[in-house]
Amino acid sequence: METTPWVKNEDVVLDQILRPKSWSEYVGQEKIKQNLKILIEAAKKRSEPIEHVLLYGPAGLGKTTLAHLIARELGSTIKITSGPAIEKVGDLAAILTNLSAGDILFIDEAHRLNKLIEEILYPAMESRMLDIVVGKGPSARTLQLQLPPFTLIAATTRIGMLSSPLRSRFGVTFRLNFYEQKDVEQIVEHSAKTLNVTLAKSAVEEIAKRSRFTPRVANRLLKRVRDYAQVKEVDQIDSGVSRKALELLEIDESGLEPTDRRLLETIITKFDGGPVGLQSLAAATSEEESTIADIYEPFLLQLGLIARTGRGRIATKLAYKHLGVSHQKDDSSQTSLL
Ligand code: ADP
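Here we summarise the structure given alongside this text. (Residues numbered from 1 in each chain as written. Predicted model: local features only at pLDDT ≥ 70, side-chain atom pairs only at ≥ 80, totals over all residues. Heavy atoms only, no water.)

### A short note on the site of the ligand
Rules: Working definition: residue near molecule or strand if any one of its non-hydrogen atoms lies within 4 Å of it. Counting of polar contacts relies on pairs of N or O atoms within 3.5 Å, with two restrictions inside protein: one atom must be capable of donating a hydrogen and the other of accepting it, and residues adjacent in sequence are counted only when both atoms are side-chain atoms. Values of accessible area rely on a 1.4 Å probe in the Shrake-Rupley scheme; residue burial ignores everything except the protein chains shown. In this description a helix means any DSSP run of H or I spanning at least four residues, a strand means any run of E spanning at least two, and both kinds are numbered starting from the N terminus. Classification convention: Asp, Glu, Lys, Arg as charged; Ala, Val, Leu, Ile, Met, Phe, Trp, Tyr, Cys, Pro as nonpolar; all other residues, Gly among them, as polar.
The immediate surroundings of the ligand are formed by 19 residues, with R19, V27, G60, T64 and T65 found nearest. One of the backbone N or O atoms of D15 is found 2.8 Å from an oxygen atom in the ligand. A distance of 3.0 Å is found between a nitrogen atom of the ligand and a side-chain nitrogen or oxygen belonging to Y179. About the coverage of the ligand: the protein hides 96% of its 570 Å² of free accessible area. Only helix 1 (9-18), helix 3 (63-74) and helix 9 (215-231) provide two or more residues apiece to the shell around the ligand. The residue makeup of the shell around the ligand, split by class, is nine nonpolar, five polar and five charged.

Rendered as structure tokens:
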């Protein structure tokens, strides 16, 4: 499976080991689970595939996991690809013509599908027709193929980048939110059991608190804490051990990593608190625009450390406070932009 550039190989392996295998293991996102269960039940009763599903929300919140759970619940085969992996119309045609009745096609990073591919997808989603042009120039002709009934599940971190004709072709759209502290604690506890790590309750709380309320991050931090405990030869992993391990990684009390702080510092020092566009921020910090937008920004927005305005991102008063920098900017100029 193609993965996003910032998801390291180690994360992919960890994701696979710890990925929930049943609804009961899938913690939180209760409304989405309820809605999906109804959708699945109804489709089963009608012996039809479920409608196309669009899942969106920041990375690591469980979109891929949901797609797997839906397939499992339906007893369907899931075929996995991603927006950037489908480069040519022929790639998509090959994927679609290889589907069997009832299959699920999962397209990750759907916002990175090119427009030509999207246009082939529309009739495939709507009426299960695949229109392909064979040949070139005057002898070119269009072939129309009937596809078996299938369900497309698309996932994206940036719904705004999906064209509206594509968005409108999904029967249901769900937004995944950051998890609550208690949910992340449950995930950490479950993962610790799976990885054979014994954690004190206080350690579970500490890891969850610094996890950006994101399951993938929580699992990664758990692994780092385990490594630290192993090297330091501590048997009982409590909050003190976890804190030390996470401080060594420069993950602060709120879960901010060095890159988060660098982004905030850049907005404050180089752009006088903003507003600054994504492109300029990426250039000034040598980070990829997509990495900022998909990984860092959603959590900084969630914590209220940055705000998005029509003219770009601004660092809020809270960001100054978090970094211990005095806030001399006239606030009226910021609020008027919101
Ligand atoms: P996304 O596709 O949104 O980037 P994934 O579905 O790949 O996220 O989830 C990343 C990892 O986080 C999974 O492998 C799983 O271990 C864990 N995870 C995600 N959501 C949940 C959840 N609701 N309950 C338990 N673990 C979860």
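### Observations regarding the side chain of R19
Inclusion rule: Burial status follows relative accessibility: with a 1.4 Å probe on protein chains alone, a residue under 20% of its type maximum counts as buried, one over 50% as exposed, and anything between as partly exposed. His residues and chain termini do not enter the charge count, which takes Lys and Arg as positive and Asp and Glu as negative. Here a salt bridge means any side-chain nitrogen of Lys or Arg lying within 4 Å of a carboxyl oxygen belonging to Asp or Glu. Contacts: residue pairs with any heavy atoms within 4.5 Å of one another.
Position of R19 relative to the elements: it lies in the loop between helix 1 and helix 2 (30-46). Here R19 is buried and forms no salt bridge, its nearest opposite-charge partner D15 lying at an N-O distance of 4.1 Å. Residues contacting R19, with those up to four places away along its chain left out, are E25, T64, T65 and H68.

### Brief notes about the packing of aromatic side chains
Going by this rule: Classification of ring pairs rests on two measures: the distance between centres of Phe, Tyr or Trp rings, Trp counted by its six-membered ring, which must be within 6.5 Å, and the angle between planes, read as stacked under 30 degrees, edge-to-face over 60 and tilted in between. Whether a charge sits over a ring depends on NZ of Lys or CZ of Arg being within 6 Å of the ring centre and within 35 degrees of the ring normal.
Applying the stated criterion across every chain, the model contains two aromatic pairs. Lying over the aromatic face of Y122, R169 brings its terminal NZ or CZ to 4.3 Å of the ring centre.

### Regarding the pattern of salt bridges
Overall, the coordinates contain 25 salt bridges when judged by the stated rule. Residues R112 and E109 are paired through a salt bridge, measuring 2.8 Å at the closest nitrogen-oxygen approach. The exposure class of R112 is partly exposed, given its relative accessible area of 41%. With a relative accessible area of 4%, E109 lands in the buried category. With a closest N to O distance of 3.3 Å, R210 and E253 form a salt bridge. Taken together, the residues span a long stretch of sequence, with R210 in the loop between helix 8 (201-209) and helix 9 and E253 in the loop between helix 10 (239-248) and helix 11 (258-270) at a distance of 43 residues. According to the relative accessible area criterion, R210 is buried, its value standing at 1%.

### Focus on unusual backbone geometry
A cis amide bond links G274 with the next residue in sequence, P275, at an omega value of 10 degrees. Within the secondary structure layout, P275 lies in the loop between helix 11 and helix 12 (278-285). In this structure, E109 takes a positive phi of about 50 degrees despite not being glycine. Turning to its location among the elements, E109 is positioned in the loop between strand 3 (104-108) and helix 5 (115-127). With a phi close to 55 degrees, R128 is a non-glycine residue in the positive phi region. The residue R128 is located in the loop between helix 5 and strand 4 (129-134) in this model. When its relative accessible area of 31% is taken as the criterion, R128 is described as partly exposed.

### Quick look at the sheet that holds strand 6 (residues 151-156)
We count it as follows: A strand pair is defined by DSSP finding two or more bridges across the two strands. Axis definition: a line fit to C-alpha positions, over the contact stretch in the case of helices; interaxial angles, taken between N-to-C directions, run 0 to 180 degrees.
Here we have five strands laid out as an open sheet, ordered 2-3-6-1-7, and parallel in their pairing. The sheet is open, and its two borders are formed by strand 2 (78-82) and strand 7 (172-175), each paired with just one other strand. Between one strand axis and the next, the sheet turns through 15 degrees on average, direction left out of account. Sheet topology note: the strand 1 (residues 53-56)/strand 6 ladder contains four bridges and is parallel. Its bridge partner lying in strand 6, V53 is registered against I153. Strand contacts of helix 3: strand 1, strand 2, strand 3 and strand 6, with the helix running at about 180 degrees to strand 3, the strand carrying the most contacts.

### Describing the environment of F213
Its place among the elements puts F213 in the loop between helix 8 and helix 9. A C-alpha to C-alpha distance of 6.7 Å links F213 and Q181, two positions 32 residues apart in sequence. Ignoring anything within four residues of it in the chain, the contact list for F213 reads L61, F178, Y179, E180, Q181, V184, A208 and F299.

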